[in-house]
Amino acid sequence: MPPRRRQSSGSPCGQCAAESPGSLPPHARAEPSRAGRGRIQPCRPSGTMLGMIKNSLLSTVEAWPYQVLRKGEKEQLSYEERECQGGRFAVVEVVGKPFDEASKEGVLKLLKYVGGTNDKGIGMGMTAPVSITAFPAEDGSLQQKVKVSLRIPSQFQANPPCPSDESIKIEERQGMTIYSTQFGGYAKEMDYVNYAAKLKSALGSEAAYHKDFYFCNGYDPPMKPYGRRNEVWFVKE
């Protein structure tokens, strides 16, 4: 069975009604110069963006808790079987856009949420990985539908702040057992598709896992150029 989840209805988190996001200040404005002519000030990040950047770069990254059950290698591909803990997750669904574009949109929303765009206005810290549920088509390509999720930091697991963005939901998920393989670089759709095919081949026909979806995971911020970590996860049935 896929990982079960319980979602409150009526508001993004079920604990309070979400606030409507306010309008953002303009990034640039005209200001009269001493000569009387207008000049454009340089773009400055808004308070929302500054909170997101500060939270992403300066916070200690908390790993999604898991235990390695078994390691394997076949056809020059290393993989692990892991047991991942459940918990509460911030989740946003994006449809009707290509995988890479949809993923970026969903990730940005979640980073803003944990960076302070919530009813408490606080930076929550970061967890890793950011996990993207992908839905493969018959030819192996990915459908134009993703669910981007981020595990709520442990400090806020019992009482997560409510997202100001109503498209973000708080879900409670049970633990799951996965098959995982890792690769580096800046991961795009084709990288995930290729490594999913490699993992499928390495596991063979004996392994039982869900075929209608899998997880595409990224562990690093965009500004980290080297030593990047990406993973494909198949959820064991």
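Source: prediction; values computed, not measured.

Q: Requested: an account of the pairing of strand β6 (residues 77–84), with residues and values cited.
A: Summarising burial for β6: six of the eight residues are buried, a large majority. Here eight bridges tie strand β5 (residues 66–74) to β6, and the two strands are oriented antiparallel to one another. From the neighbouring strand, Tyr66 faces β6, where its bridge partner is Cys84. Two successive antiparallel strands, β5 and β6, enclose a turn made up of two residues, where Glu75 displays a positive phi of approximately 55°.

Q: Any details on the packing of aromatic side chains? Residues and values, ideally.
A: The tally for this structure, following the rule as stated, stands at 10 aromatic pairs. Between Phe183 and Tyr192 the ring centres are 5.6 Å apart and the planes differ by 75°, which places this aromatic pair in the edge-to-face class. Taking relative accessible area as the criterion, Phe183 reaches 6% and is therefore assigned buried. Among the aromatic residues, those joined into a cluster by ring pairs are Trp64, Phe89, Phe213, Phe215 and Trp233. Positioned above the aromatic ring of Tyr186 is the side chain of Arg228, whose terminal nitrogen or guanidinium carbon lies 4.1 Å from the ring centre. A cation over an aromatic ring shows up here: Arg229 above the ring of Tyr219, its NZ or CZ 3.9 Å from the ring centre.

Q: Talk me through the nonpolar core; I want residue IDs and the actual numbers.
A: Counting 38 residues, the largest nonpolar core has Phe99, Tyr113, Leu203, Tyr214, Val232 and Phe234 as its most contacted members. Each residue touching Phe234, except ones within four places of it in the same chain, is listed here: Thr177, Ile178, Tyr179, Ala196, Leu199, Lys200, Leu203, Tyr209 and Tyr214. Formed by 13 residues, the second largest nonpolar core is a distinct cluster that contains Ala128, Phe135, Phe213 and Phe215.

Q: Can you explain the environment of Val107? Please cite residues and give values.
A: Tracing the backbone through its elements, the reader meets Val107 in helix α2 (residues 99–114). Given a relative accessible area of 22%, Val107 falls into the partly exposed group. For the pair Val107 and Val130, spaced 23 residues apart in sequence, the C-alpha separation works out to 7.4 Å. In this structure, Val107 is in contact with Val130 and Val148, ignoring residues within four places of it in sequence.

Q: Explain the environment of Gln157 to me, and be specific about the residues and the numbers.
A: With respect to the helices, strands and loops of the structure, Gln157 is situated in the loop between β10 (142–151) and β11 (168–173). Distance from Gln157 to Gly87, taken between C-alpha atoms, is 7.1 Å for residues 70 residues apart in sequence. Among the polar contacts made by the side chain of Gln157, one reaches the main-chain carbonyl oxygen of Ile152 at a distance of 2.7 Å.

Q: Go over the environment of Tyr219 with me, naming the residues and quoting the values.
A: Structurally, Tyr219 can be placed in the loop between β13 (214–218) and β14 (230–235). For Tyr219, a relative accessible area of 17% translates into the label buried. For the pair formed by Tyr219 and Ala128, sequence separation is 91 residues and the distance between their alpha carbons is 5.3 Å. Once you skip the residues sitting within four places of it in the chain, Tyr219 turns out to touch Arg82, Ala128, Pro129, Arg229, Glu231 and Trp233.

Q: Kindly report on the pattern of salt bridges, identifying the contributing residues and their values.
A: Tallying each qualifying case throughout the model produces 12 salt bridges. In this structure, Glu231 and Arg82 form a salt bridge, with 2.8 Å as the shortest nitrogen-oxygen distance. Of this pair, Glu231 sits in strand β14 while Arg82 sits in strand β6, placing them 149 residues apart in sequence. Arg82 gets classed as buried once you look at its relative accessible area, which sits at 2%. A salt bridge links Asp220 to Lys224; the nearest nitrogen and oxygen atoms lie 3.2 Å apart. Using a relative accessible area of 32% as the deciding quantity, one classes Lys224 as partly exposed. Salt bridges linked by common partners bring Lys71, Glu80, Arg82, Arg229 and Glu231 together as one network.

The rules we used
Residues numbered from 1 in each chain as written. Predicted model: local features only at pLDDT ≥ 70, side-chain atom pairs only at ≥ 80, totals over all residues. Heavy atoms only, no water. Buried < 20%, exposed > 50% of the residue type's maximum accessible area, 1.4 Å probe, protein only. Helix = DSSP H or I, 4+ residues; strand = E, 2+ residues; numbered from the N terminus. Pairing = 2+ DSSP bridges. Phe/Tyr/Trp six-rings, centres within 6.5 Å; stacked < 30°, edge-to-face > 60°. Lys NZ or Arg CZ within 6 Å of the ring centre and 35° of its normal. Core = buried A, V, L, I, M, F, W, Y, C linked by side-chain atoms within 4.5 Å. Contact = heavy atoms within 4.5 Å. Polar contact = N/O pair within 3.5 Å; in protein donor to acceptor, adjacent residues only side chain to side chain. Salt bridge = Lys/Arg side-chain N within 4 Å of Asp/Glu carboxyl O.

Interpretation in functional terms is not warranted from these geometric data alone.
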